[in-house]
Amino acid sequence: MKVTAIIPDDLIAEAMELSKSGTVTDTLKIALKTYIRSQKLKELGTMVLNEPLEFKYSSQELRELNRK
């Protein structure tokens, strides 16, 4: 997709330096993928806080199962 966006030069320059990318396009791809990943992790964290994981076995029961 082609996009025209007004982004400050210093922001692009810093992102290019940190991503070690040679082009603005590659830099933006890396930045967007990283942003999406971080948002998905936040969502997952919220889900776990709202509905904590439940474990079926105690630590002792797991040890016994692993020894069999």
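The following refers to the structure shown. (Residues numbered from 1 in each chain as written. Predicted model: local features only at pLDDT ≥ 70, side-chain atom pairs only at ≥ 80, totals over all residues. Heavy atoms only, no water.)

1. Concerning a negative patch on the surface
Note the threshold: Each patch is built from residues lacking any salt bridge and having more than 30% relative accessible area; the joining distance is 9 Å for like charges and 5 Å for nonpolar side chains (Val, Leu, Ile, Met, Phe, Trp, Tyr). Methods summary: accessible areas were calculated by the Shrake-Rupley approach with a probe of 1.4 Å, and residue burial reflects only the protein chains presented. Just to be clear on terms, a salt bridge is a Lys or Arg side-chain nitrogen sitting within 4 Å of an Asp or Glu carboxyl oxygen. Charged-residue counts in this description rest on Lys and Arg as positive and Asp and Glu as negative, His and the chain ends being excluded. Charge placement uses NZ in Lys and CZ in Arg. For Asp and Glu, CG and CD serve respectively. Think of it this way: any DSSP run of H or I at least four residues long counts as a helix, any run of E at least two long counts as a strand, and we number them from the N terminus. For every residue, the accessible area (1.4 Å probe, protein chains only) is compared with the maximum for its type, and the residue is labelled buried under 20%, exposed over 50%, or partly exposed between those bounds.
A cluster of acidic residues, Asp9, Asp10, Glu14 and Glu17, forms a negative patch on the protein surface. Residue position: Asp10 is located in helix H1 (residues 9-19). Overall, Asp10 belongs to the exposed group, its relative accessible area being 58%.

2. Some remarks on the side chain of Ser21
Operational definition: The criterion used for residue contact is that any of the two residues' heavy atoms lie within 4.5 Å.
On the secondary structure map, Ser21 appears in the loop between H1 and helix H2 (24-50). Overall, Ser21 belongs to the buried group, its relative accessible area being 13%. Excluding residues within four positions of it along the chain, Ser21 makes contact with Met16, Asp26, Thr27 and Ile30.

3. Some points on a nonpolar patch on the surface
Taken together, the side chains of Ile7, Leu11, Val24, Leu28, Leu32, Tyr35 and Ile36 make up a nonpolar region of the molecular surface, amounting to roughly 620 Å² of accessible area. Ranked by residues supplied to the nonpolar patch, first place goes to H2 with 5 residues. Residue Ile36 is classed as partly exposed on the basis of its relative accessible area, which comes to 45%.

4. Topic: the packing of H1 against H2
Counted only if it meets this: Between N-to-C directions, angles span 0 to 180 degrees; the directions come from axes that are lines fitted to C-alpha atoms, helices contributing only their stretch in contact. Each angle receives one of four descriptions, namely roughly parallel if under 35 degrees, roughly antiparallel if over 145, roughly perpendicular if within 65 to 115, and oblique otherwise. When residues are grouped by polarity, Ala, Val, Leu, Ile, Met, Phe, Trp, Tyr, Cys and Pro land in nonpolar, Asp, Glu, Lys and Arg in charged, and all others, Gly among them, in polar.
Contact geometry of H1 with H2 gives a least axis separation of 9 Å together with a crossing angle of 75°. In terms of their interaxial angle, H1 and H2 are classed as roughly perpendicular. Here Ile12, Ala15, Met16 and Ser19 of H1 lie close against H2, whose contacting residues are Val24, Thr27, Leu28 and Ile30. Looking at the contact of H1 with H2 residue by residue, the class counts come to 6 nonpolar, 2 polar and no charged.

5. A short note on unusual backbone geometry
Despite not being glycine, Lys20 shows a phi value in the positive range, around 55°. By secondary structure assignment, the location of Lys20 is in the loop between H1 and H2.

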